[in-house]
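The lines below spell out each chain.
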Amino acid sequence: MKNMTREQKIILEIKNNPGIRFRELMKSMKITNGVMSYYIQKLERSGVVNTERTSGVLRLFSNTIKSSDMDIIKFLRISTPKKIMVVLLEEDLLTFKQITEKIQMSPSTTSFYLTKLVNTGILSISNVFPRRYLLNNKQRLTNLITLYHPSVIDISSENLADIFSSD
């Protein structure tokens, strides 16, 4: 790491932390806003880094991440959606109330993130009453957690550990 250029260190940090926010990267690399902006623009133009800009937030991904995986990776970096996805990995077809209780968040926060997860296609809602939520692709989520967020496995229940070991 000593002989690496600043650019190479930035690329490595983005590869190791896909979906990292610009400010988070700046802080971890101890680089000022202007200098980081220069490098990100350069890496973006050369195709080494992909970016996602939403409502004032810039997230960075290496060019090895499929665009179809970027949403899941992004939500795995946010506490509440990560809790929702892990709960649904452990148990399919949960109601809104069950999810709210299991993740111990307010109904409004739970609703906000469930809507986002459904709108991005990560979750679906059953047509049966009461409505229940389910993950659209458990295997893909499991693979992404294993690759980029293995700590999720360590802090979760034995049930989740069984899911990961059954591959």
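Higher on the page you've got the structure.
Residues numbered from 1 in each chain as written. Predicted model: local features only at pLDDT ≥ 70, side-chain atom pairs only at ≥ 80, totals over all residues. Heavy atoms only, no water.

Draft legend 1. Representation of the side chain of Ser-126 within the structure. Mapping Ser-126 onto the fold places it in the loop between strand E5 (123-125) and strand E6 (132-135). A relative accessible area of 15% places Ser-126 in the buried class. (Helix = DSSP H or I, 4+ residues; strand = E, 2+ residues; numbered from the N terminus. Buried < 20%, exposed > 50% of the residue type's maximum accessible area, 1.4 Å probe, protein only.)

Draft legend 2. The pattern of salt bridges, seen in detail. Under the defined criterion, the tally for this structure stands at 8 salt bridges. Across the salt bridge formed by Glu-52 and Lys-74, the nearest N and O atoms sit 3.4 Å from each other. Here Lys-74 lies in helix H4 (residues 67-76) and Glu-52 lies in strand E2 (residues 49-54), a separation of 22 residues in the sequence. On the basis of relative accessibility, which here comes to 15%, the residue Glu-52 falls in the buried class. A residue is classified by how much of its surface remains accessible, and Lys-74, at 11% relative accessible area, is buried. Here Arg-140 ties to Asp-69 by a salt bridge, and the two come within 2.8 Å at their closest N and O atoms. Of this pair, Arg-140 sits in helix H8 (residues 138-148) while Asp-69 sits in helix H4, and the two are 71 residues apart along the sequence. (Salt bridge = Lys/Arg side-chain N within 4 Å of Asp/Glu carboxyl O.)

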